[in-house]
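Descriptive structure summary
Letter by letter, the chains look like this.
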Amino acid sequence: MSILELKNVHAGYGSAQSRTEVLKGIDLRVEDGELLAVLGFSGTGKTTLISLLAGLKAPDKGEVFFKDAPVTGPGPERGVAFQSYALMPWLTVEDNIGLAVGAVHAKASRAERKALTEKYMGMVGLTHARDRRPAELSGGMRQRVSVARALAMQPEVLLLDEPLSALDALTRAKLQDEFAEIRAETDATMVLITNDVDEAIFLADRIVPLNPDGTLGPDYRVALPRPRNRVALNHDETYHRLRGDITKYLMEAGEMRKARVTVASFCRMWCRSSPSKHRQTRRCRRPT
Ligand SMILES: Nc1ncnc2c1ncn2[C@@H]1O[C@H](COP(=O)(O)OP(=O)(O)O)[C@@H](O)[C@H]1O
Ligand SMILES: [Mg+2]
């Protein structure tokens, strides 16, 4: 069963003159229990996609569904962790997580809420830092707090917008391992946004590239057994083939983007020197 679905979704920003079209005709189904990684260059619309799934932005055309019902706004069944998730600076780690628990499990007893907070604080390895405030945490620890907050809401779907991208390689690898463990411990569906092919392959069941033109690329199934081990993957033929295929696809998609930008800027130059004449030529790329 698909738990989240985008049907012919178009989304952009601004109106008329200053309009930017970002996503164009996106069709995507997220299956119940799967970890889907959306992979793409920066500026291609990944955050826009997550915002649509979270119900924080409405599509300009098309529809978003959660369990076959139209999404009209955010909801506790869809937990989000953004890259720049704002933690409350005056609250400790424990209270930042507790706040999220309280927001979603308002009816639970104090003891139950405390237990939930403890559980997710432990899951991201922050029990020892419970009394620290965000300013006293490293970037990696702040990321963990925001992930713990999203987990603590016990959503049916976790939407993770580049949760690890701001981290150094070592911290990133460590948190990826923790993610894989968290993944094994919860049955939540996850949509992970990333710009890292290896991270996507290490964590996902399926990878879908977001093209620079705002369309989706083909599905790549990650048929690698879990738990996955980085060292073992390095000697795995399936892993290398998949990595090669996806990298090649992304490179070609990126080249196409560059080519289009070049054509468009030549056109602007020509158009400026002799607009009416140039517009009549077949080389003119200006929209009429
Ligand atoms: N609030 C906004 N207003 C105007 N343009 C935006 C806004 N948010 C994003 N954009 C533009 O939309 C495009 C896609 O942005 P985004 O979804 O953040 O991409 P990504 O997350 O892949 O880097 C970018 O060109 C960005 O400048
Ligand atoms: Mg983004």
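Going by the structure above, here's the rest.
The present account deals with the structure reproduced in this document. (Residues numbered from 1 in each chain as written. Chains lettered and ligands numbered in written order. Predicted model: local features only at pLDDT ≥ 70, side-chain atom pairs only at ≥ 80, totals over all residues.)

**Overview of the overall build of the protein chain**
When you go through the protein chain residue by residue, the secondary structure sums to nine helices and 10 strands. Counting the 288 residues in the protein chain, one finds 33% classified as buried. In the protein chain, once contacts between residues fewer than 6 apart in sequence are set aside, the share between residues at least 24 apart is 66%. (Helix = DSSP H or I, 4+ residues; strand = E, 2+ residues; numbered from the N terminus. Buried ≥ 20, exposed ≤ 12 C-beta atoms within 10 Å, placed from the backbone. Contact = placed C-beta atoms within 7 Å.)

**Brief notes about the site of ligand 1**
Neighbouring residues of ligand 1: Tyr-13, Gly-14, Thr-20, Val-22, Gly-40, Ser-42, Gly-43, Thr-44, Gly-45, Lys-46, Thr-47 and Thr-48. Counting residues per element, the ones that place at least two in the shell around ligand 1 are β2 (20-31) and α1 (46-54). Here the shell around ligand 1 gets three residues from one element, more than from any other, and that element is α1. Of the residues contributing to the shell around ligand 1, the split by class is two nonpolar, nine polar and one charged. (Near = placed C-beta within 6 Å. Nonpolar A, V, L, I, M, F, W, Y, C, P; charged D, E, K, R; others polar.)

**A few points about the sheet that holds strand β10 (residues 220-221)**
Taken in spatial order, the six strands line up as β6-β7-β8-β3-β9-β10 in an open sheet, and their pairing is mixed. Only two strands of the sheet have a single partner each, and these edge strands are β6 (78-81) and β10. Looking at chain direction, strand β7 (residues 157-161) and strand β8 (residues 189-194) are connected through five bridges and run parallel. Bridge pairing links Val-157 to Thr-189 in β8. Each of β3 (35-39), β6, β7 and β8 touches α1; the most contacted strand, β7, lies at about 155° to it. (Pairing = 2+ DSSP bridges. Axes fitted to C-alpha atoms, helices over the stretch in contact; angles between N-to-C directions.)

**Some details on the environment of Tyr-13**
Mapping Tyr-13 onto the fold places it in strand β1 (residues 2-13). Residue Tyr-13 is classed as exposed on the basis of its 12 C-beta neighbours within 10 Å. A C-alpha to C-alpha distance of 9.3 Å links Tyr-13 and Asp-60, two positions 47 residues apart in sequence. Contacts of Tyr-13, omitting those with residues within four sequence positions, involve Thr-20 and Val-22.

**Quick look at the packing of helix α2 (residues 93-104) against helix α3 (residues 110-123)**
Here α2 crosses α3 at 125°, and the two axes come no closer than 9 Å. As far as their axial angle goes, α3 and α2 are oblique. Considering the relative orientation of α2 and α3, their crossing is right-handed. For the pair α2 and α3, the contacting residues are Val-93, Glu-94, Ile-97, Gly-98, Val-101 and Gly-102 in the first and Arg-113, Leu-116, Thr-117, Tyr-120 and Met-121 in the second. Residues of the contact of α2 with α3, tallied by class, amount to six nonpolar, three polar and two charged. (Parallel < 35°, antiparallel > 145°, perpendicular 65-115°, else oblique. Left-handed = near helix turned anticlockwise from the far one by under 90°.)

Honestly, that's just the spatial picture; any functional story needs more than this.
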